[in-house]
Amino acid sequence: MPRYSITTFGCQMNVHDSERMHEVLRRAGYTEAGGPEEADVLVLNTCSVREKAEQKLRSEVGRLARWKRERAERVVVVAGCVAQQEGERLLKQMRAIDVVVGPDNIPELPGLLGDVALGGLPVARTVFDLDAPRFLVASPSPSTRAAATAFVTIMKGCDERCSFCIVPYTRGPERYRASDEIVAEIAALVAAGTREITLLGQTVNSYRDPLGALPRAPGASADDPDESEFAALLRRIAADVPGLARLRYTSPHPRHLTPSLVLAHAELAVLPRHVHMPVQSGSDRVLRRMIRRYTRAEYVARTRALVEAVPGLTLSTDIIVGFPGETEDDFAATLSLVREVGFKGLFGFKYSRRPHTPALKLPDDVPEDVKGARLARLFEESEALLAAHLSGLVGTTQEVLVEGRDKERGGERGAGGALWSGRTGRHEIAHIEGAGELDLLGEVVEVSIARANKHSLQAELTEAARAAARQQPRGDAGRPARRSLPVVAAGGG
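Asker: Is there a simple way to explain the sheet that holds strand β2 (residues 31-32) in this structure?
Answerer: Sheet strands pair by backbone hydrogen bonding; their relative direction is either parallel or antiparallel. Within the open sheet, the six strands sit side by side as β2-β1-β3-β4-β5-β6. Their pairing is parallel. A single partner strand is all that each edge strand has here, and the edge strands are β2 and β6 (123-125). Across the face of the sheet, helix α1 (residues 12-27) comes into contact with β1 (3-8), β2, β3 (41-46) and β4 (75-80) while running at roughly 175 degrees to β1. Strands in contact with helix α2 (residues 53-70) are β3 and β4; relative to β3, the strand with the most contacts, it is inclined by about 180 degrees.

And the structure:
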């Protein structure tokens, strides 16, 4: 059987697409290789959101040219956003590439590989499925234990036109998935052992059911132009899949953080007390140049309403520094916003010019060294907020969804190493010590926080959780029965 290997770059959407490519190829008779050197087909799933994506791809393909020369039948596939962005140009510029496939064309991959194997010419398929959107569906195996966490796509594409962003060009306009299909996929994953689902979409909270099957959510206003059916979808998932332990989503847009979504967070126990809400800048002037369609005051008001409705909820965000025209005063406004909101984590990036974006019309006038210095100051502010937050959790009891074995030992995790790791409801990483003999995978366990690391927590099982873990029955295929170990009431996170 032909063997394949997939290398993934970029965002969670790419991770999800790679997972679906694994399933598409396995169903077509391919087997996963132990690594790229053992593969007959090597897939590079690319991301074009940040700068130098094309250069990184060129470097990787150049390295693979030698790999191909070792065996003439080997095949190189480029998938993802760079594939969609460049299309046939990649075939002309890099002769080692055999197949270019866009995100919407992943189901066609086995057929494209079959044509190449029969002597066909290199081919590019980068066609958006605008008329009949297709969504890649997870196919959990009934004989193997499912991962504790999984991604489920509810929409693709983006109708926002942020001036810095290439996503509308590489992923197309917004297309939504029927709520019946979303619920069915989540139910199948939970039945296979998955405990946490993350809903994926470019602006995930702009979701609308294309079949109109969702009732209006409590708090939703028909007169609000920012309203969507996302809160209604969350409520349906919570009602129809009661075995789901946690339901997260990424990435939302602040415009769609409406009262109905705030109310859903206040009323649905399945929604953890953490939301990632990109802001990009704290300066109204820069936000206008970014075409973000909200003001600083609106962002603060909406996130404050959420935090007030859900005590203990934490926020993280995305921020771009050095956007064209950003002054020191603009950047100071961003730093003050970070302090005002009190983000417990952020992803910071230096602005980089991307093809096909409106910001190309603006001069990239912030020097690179200034961008670097601002990014360092941003991270310094963020690290201080996170350190204070994590230190404040020492001595508390928290709920942790165990995602897997912690392979890292030594360093900040202590000489003995932590044998299990997972996340609290507020998304803090927790390493659980002294439980190596127990099977905790996929369990929501009660832990005591022993100390704070730089970016994570060191924890130990409570005695009640340890006793329950020893008695935990096993389900089919070695999966744990659908039962969480002792958890704390409100405040456990």
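Asker: Mind showing me how you'd approach the packing of helix α7 (residues 179-191) against helix α8 (residues 230-240) here?
Answerer: The axes of two packed helices give the description: the angle between them and the distance between them. Taken N-terminus to C-terminus, the directions of α7 and α8 make an angle of 40 degrees; their axes are 10 Å apart at the nearest point. When the axes of α7 and α8 are compared, the pair comes out oblique. α7 and α8 meet at a crossing whose hand is right-handed. The residues of α8 that touch α7, namely those facing Ser179, Asp180, Ile182, Val183 and Ile186, are Leu233, Arg236, Ile237 and Asp240. Class assignment for the residues of the contact of α7 with α8 results in five nonpolar, one polar and three charged.

Asker: Would you take a moment to explain the sheet that holds strand β12 (residues 274-276) for this structure?
Answerer: Spatial strand order, β12-β13-β14: three strands in an open sheet with parallel pairing. The outermost strands of the open sheet, each flanked by one partner alone, are β12 and β14 (346-350). The average undirected angle you get between the axes of adjacent strands in this sheet is 10 degrees. Bridging between strand β13 (residues 314-321) and β14 involves five bridges; their strand directions are parallel. Paired with Ile319 across the strands is Gly348, a residue of β14.

Rules and cut-offs
Residues numbered from 1 in each chain as written. Predicted model: local features only at pLDDT ≥ 70, side-chain atom pairs only at ≥ 80, totals over all residues. Heavy atoms only, no water. Pairing = 2+ DSSP bridges. Helix = DSSP H or I, 4+ residues; strand = E, 2+ residues; numbered from the N terminus. Contact = heavy atoms within 4.5 Å. Axes fitted to C-alpha atoms, helices over the stretch in contact; angles between N-to-C directions. Parallel < 35°, antiparallel > 145°, perpendicular 65-115°, else oblique. Left-handed = near helix turned anticlockwise from the far one by under 90°. Nonpolar A, V, L, I, M, F, W, Y, C, P; charged D, E, K, R; others polar.

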